[in-house]
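# Overview (structure and organization)
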Amino acid sequence: MRVLGIETSCDETGIAVYDDQQGLLSHALYSQVKLHADYGGVVPELASRDHVRKIIPLIRQALAEAGSTPDDIDGIAYTKGPGLIGALLVGACVGRSLAFAWGKPAIGVHHMEGHLLAPMLEEDAPEFPFVALLVSGGHSMLVNVEGIGKYQVLGESIDDAAGEAFDKTAKLMGLDYPGGPRLAKLAAKGESVGYKFPRPMTDRPGLDFSFSGLKTFAANTIAAEPDDEQTRANIARAFEEAVVDTLAIKCRRALKLTGYKRLVIAGGVSANTRLRESLAEMMAGIGGRVYYPRGEFCTDNGAMIAYAGLQRLRAGQQEDLAVKGQPRWPLDTLAALD
Ligand code: KG4
Ligand code: ZN
């Protein structure tokens, strides 16, 4: 089975062709980062319009690179939610309509299921069950994953998502949008000088997160300290260490709770080097392993949507003819595949 995947939930147009025998045949990505940078964040209306402009050329490109014609495609998967409704509707309209025109089934994919399954695109894919730490710009959650669609959310952020905390703190430091990777780069030049950033909600039981206090702590530290490059790098490092430590503590708890030795990290923040290193060390300490997708599949992409959609299409699921987007969509309401 060969599936065309379409991702348009936020500020990246991602298109891919995935084949269950041959693997990933092509993937094309257009990032709107430059478009939104002047505004310091994603402007939903501009995002929708840019998806409209780019989606068809990218589909043509991905099909050509996969050596495929519409006849070779057995189904179309598009991100149905969660995300920005206007942006979602671009992918849903185009995906649903192309499937109708080509006489193929279509499936609406949950964006976070896409992230969660992204490590399956790699050679050394994890087996089920595992604990997944999903850390993106819109969500932070820990999930007990027993199989595709068998998701129990163990904890989630009660305020800012981890990526959002990175982006907001980066903005306070004068870094351009999206600040996460820029803050990480700055933090790499930082030294440990004893800033005492909190590890929110680690002093009580439970697996929920809260990151908005860290951003406030960073704001107060920035205001109290001299405004030079090395000081900013030191603060960035202390902030990053606080986020990473907090995530690691919660991951360890979730692994203890489930008894699993496999941890998957996915979503934009899983590209963070300090997080990967810290979790690798933690997992080695308990005789387990951490799995993550290659950098380009940590952030939004079409490949993860094609992969997740193929699993569901192959199991016989499909959308009716109505075009639907679902901006809010709890992960644990998805249908399980046997
Ligand atoms: O998964 P994603 O591409 O989009 C959403 O679904 O939200 O995640 C984007 C988020 C942004 O907040 C971005 O700043 C963050 O991931 N991010 C990072 C890094 N790379 C991307 N945060 C920290 N360190 C990184 N290296
Ligand atoms: Zn995402």
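Predicted model, so just to flag it, every value in this text is computed and none were measured.

### Focus: the sheet that holds strand β5 (residues 106-110)
Across a sheet, strands are paired by hydrogen bonds formed along the backbone, either parallel or antiparallel in direction. A sheet is described by the order of its strands in space; here five strands give the open sequence β3-β2-β1-β4-β5, paired in mixed fashion. Only two strands of the sheet have a single neighbouring strand rather than two, namely β3 (23-31) and β5. Strand after strand, the sheet turns through a mean of 20° between neighbouring axes, direction not considered. Here strand β2 (residues 12-19) runs beside β3; their pairing, made up of eight bridges, is antiparallel. Following the sheet pairing, A16 is matched in β3 by H27.

### Focus: the site of ligand 1
In the vicinity of ligand 1 lie 19 residues, with H115, G137, D167, G268 and N272 positioned nearest. Between ligand 1 and G137 there is a distance of 2.8 Å, counted from an oxygen atom to a backbone nitrogen or oxygen. Within the backbone of G180, one N or O atom sits 3.2 Å away from an oxygen atom of ligand 1. Relative to its free-state accessible area of 560 Å², ligand 1 is covered by the protein chains to the extent of 87%. Contributing elements (two or more residues each) for the shell around ligand 1: α4 (111-117), α5 (162-172) and α6 (179-187). Here the residues of the shell around ligand 1 sort into six nonpolar, 11 polar and two charged.

### A look at the packing of aromatic side chains
Counting across every chain of the model gives five aromatic pairs. On the basis of an interplanar angle of 20° and a centroid distance of 5.4 Å, the ring pair of F128 and F130 is categorised as stacked. According to the relative accessible area criterion, F128 is partly exposed, its value standing at 30%. Geometrically, the ring pair formed by F166 and F239 is edge-to-face, given 5.3 Å between the ring centres and 85° between the ring planes. With F166 in helix α5 and F239 in helix α8 (residues 229-258), this pair connects stretches of sequence that are 73 residues apart. Cation over ring: K80 sits above W329, and NZ or CZ is 5.5 Å from the ring centre. Seen from the ring of Y291, R289 lies directly overhead, with NZ or CZ sitting 4.0 Å from the centre.

Definitions and limits used
- Residues numbered from 1 in each chain as written.
- Chains lettered and ligands numbered in written order.
- Predicted model: local features only at pLDDT ≥ 70, side-chain atom pairs only at ≥ 80, totals over all residues.
- Heavy atoms only, no water.
- Pairing = 2+ DSSP bridges.
- Helix = DSSP H or I, 4+ residues; strand = E, 2+ residues; numbered from the N terminus.
- Axes fitted to C-alpha atoms, helices over the stretch in contact; angles between N-to-C directions.
- Near = heavy atom within 4 Å.
- Polar contact = N/O pair within 3.5 Å; in protein donor to acceptor, adjacent residues only side chain to side chain.
- Areas by Shrake-Rupley, 256 points an atom, 1.4 Å probe, with all protein chains shown as cover.
- Nonpolar A, V, L, I, M, F, W, Y, C, P; charged D, E, K, R; others polar.
- Phe/Tyr/Trp six-rings, centres within 6.5 Å; stacked < 30°, edge-to-face > 60°.
- Buried < 20%, exposed > 50% of the residue type's maximum accessible area, 1.4 Å probe, protein only.
- Lys NZ or Arg CZ within 6 Å of the ring centre and 35° of its normal.

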